[in-house]
Amino acid sequence: MENKNFSFTEKVKSSNTYGRIGVLHTPHGDIETPVFMPVGTRATVKAVEPRELEEVKAQIILSNTYHCYLRPGADLVAKAGGLHKFMNWNHPILTDSGGFQVFSLSKLNKITEEGVEFKSHLDGSTHFFTPEKSMEIQNKLGSDIIMAFDECSTYGVDHKYAEEALARTERWLDRCIAYHKNDKQLLFPIVQGNFYDDLRLKALENVKKKATVGFSIGGLSVGEPKKRMYEIMDVLAPNYPADKVRYLMGVGTPDCIIEGVIRGIDMFDCVLPTRNARNGTALTSKGKVVVKNGKYKEDFTTLDDECDCYCCKNFTKAYLRHLFNVDEILGAQLLSIHNIRYLTHFMEQIKQAIREDRLLEFREEYLKKTNYK
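Residues numbered from 1 in each chain as written. Predicted model: local features only at pLDDT ≥ 70, side-chain atom pairs only at ≥ 80, totals over all residues. Heavy atoms only, no water.

**Observations concerning the sheet that holds strand β1 (residues 7-13)**
Within a sheet, each strand pairs with its neighbour through backbone hydrogen bonds, oriented either parallel or antiparallel. The three strands lie next to each other as β1-β2-β3, forming an open sheet whose pairing is antiparallel. The sheet is open, and its two edges are formed by β1 and β3 (29-33), each paired on a single side. Going across the sheet, the axis of each strand differs from the next one's by a mean of 15°, ignoring polarity. With six bridges connecting them, β1 and strand β2 (residues 20-26) associate as antiparallel partners. Bridging across to β2, V12 finds its partner in I21. Each of β1, β2 and β3 touches helix α14 (residues 329-355); the most contacted strand, β2, lies at about 125° to it. (Pairing = 2+ DSSP bridges. Helix = DSSP H or I, 4+ residues; strand = E, 2+ residues; numbered from the N terminus. Axes fitted to C-alpha atoms, helices over the stretch in contact; angles between N-to-C directions. Contact = heavy atoms within 4.5 Å.)

See below:
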């Protein structure tokens, strides 16, 4: 079903990679891709205010269906006017289906054709998610982009189970499409298939028929070696439709982002930048900096002299180290602001490299300079 509230246009294409620049139009604003999405798991990006997200040029954020369903509850969010009003973020929001958390966080789950019964990781209470239930919750949350409910099969399962899980995911997708009627929300199907090339290609062909404006690639970055993840992306890349935006779920380290863009990915998300920030680790133009380390005790230089964020403009490594040493909340706030800005600026650099048609050269220069891997 066509959705006139959303569209994707490819603007610039790399000549020797699958990298590209595009624009995804949503009711809450246009998104220039490739884009990194900060994760606001429980309707907030931890330690970062919405106005600070705007200052660091975040275009879209992700919120989590499973966590918002458990607390504060989808009905309460709907009464507040949806996630945008509830959290005061008047820009695009993407929600996942809750499926990954149901499989990875719940203390116990039981998969049937109807859906998944699981126990809450918070209190052990029993819940049941179906494709229709996931759509209902995401409709109430009011995000711009919503995910189909899928089964993310575990890394290492055999081909037979992976095939069964994919078939179930495809049947669940049809149920999601049948239930979802809100044209203010864009439904993304998800390409699964575990780490089997034939299943991945089969999944992509099905998704291409049913995606209206965009789709996701799920089930990667789940414990496999990075080399294997890139191999799966290499299999998929030549078969992507040019008119659909592509979202690689749960991937957001700098090395994986650049490798993903080269392989045709448009959207990324990851909790690591803010999680690492809360643990005292910063992403910088010269590599990772662990500000808690003793060598920064009398280092009165800026965290990253190539960064324009509030943290780097105003504070030194010595001050940041002090904040973490005495457990001051400000340390987590400042590093979170910095790490998000680092990645939004990184996406700007990638887009400039695409415009100059030197994406491969940029990758080599960047990885050599930063040693991210």
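**A closer look at the environment of E364**
Note on placement: E364 falls in helix α15 (residues 359-370). A relative accessible area of 47% places E364 in the partly exposed class. Distance from E364 to V291, taken between C-alpha atoms, is 27 Å for residues 73 residues apart in sequence. For E364, the side chain forms a polar contact with the side chain of R363, separated by 3.0 Å. (Buried < 20%, exposed > 50% of the residue type's maximum accessible area, 1.4 Å probe, protein only. Polar contact = N/O pair within 3.5 Å; in protein donor to acceptor, adjacent residues only side chain to side chain.)

**Observations regarding the environment of N276**
With respect to the helices and strands, the residue N276 is situated in helix α11 (residues 272-278). Remark: the alpha-carbon pair of N276 and A162, spanning 114 residues in sequence, is separated by 32 Å.

**With respect to a positive patch on the surface**
Residues R42, K46, R71, R275 and R278 make up a contiguous surface patch of positive charge. Summarising the element assignment, R42 is placed in the loop between β4 (35-40) and α1 (50-55). (Patch = residues over 30% accessible without salt bridge, like charges linked within 9 Å, V, L, I, M, F, W, Y side chains within 5 Å. Areas by Shrake-Rupley, 256 points an atom, 1.4 Å probe, with all protein chains shown as cover. Salt bridge = Lys/Arg side-chain N within 4 Å of Asp/Glu carboxyl O. Lys, Arg positive; Asp, Glu negative; His and termini not counted. Charge placed at Lys NZ, Arg CZ, Asp CG, Glu CD.)

**Considering the nonpolar core**
The biggest cluster of nonpolar side chains holds 50 residues, and the ones touching the most others in it are L53, L303, L320 and L335. The residues touching L335, leaving out its near neighbours within four places in the chain, are A277, G280, T281, A282, V291, L303, L320 and F324. Counting residues in hydrophobic clusters, the runner-up holds 44 residues, among them I232, I257, Y342 and Y366. (Core = buried A, V, L, I, M, F, W, Y, C linked by side-chain atoms within 4.5 Å.)

**Here's the deal with unusual backbone geometry**
Note that the residue after T33, namely P34, is joined by a cis bond; omega there is 0°. Within the fold, P34 resides in the loop between β3 and β4. We note that N194 has phi near 55°; this positive angle belongs to a residue other than glycine. Take N194: it is sitting in the loop between β12 (190-191) and α8 (197-210). Although it is not a glycine, N371 adopts a positive phi angle of roughly 60°. Following the sequence through the fold, N371 ends up in the segment after α15.

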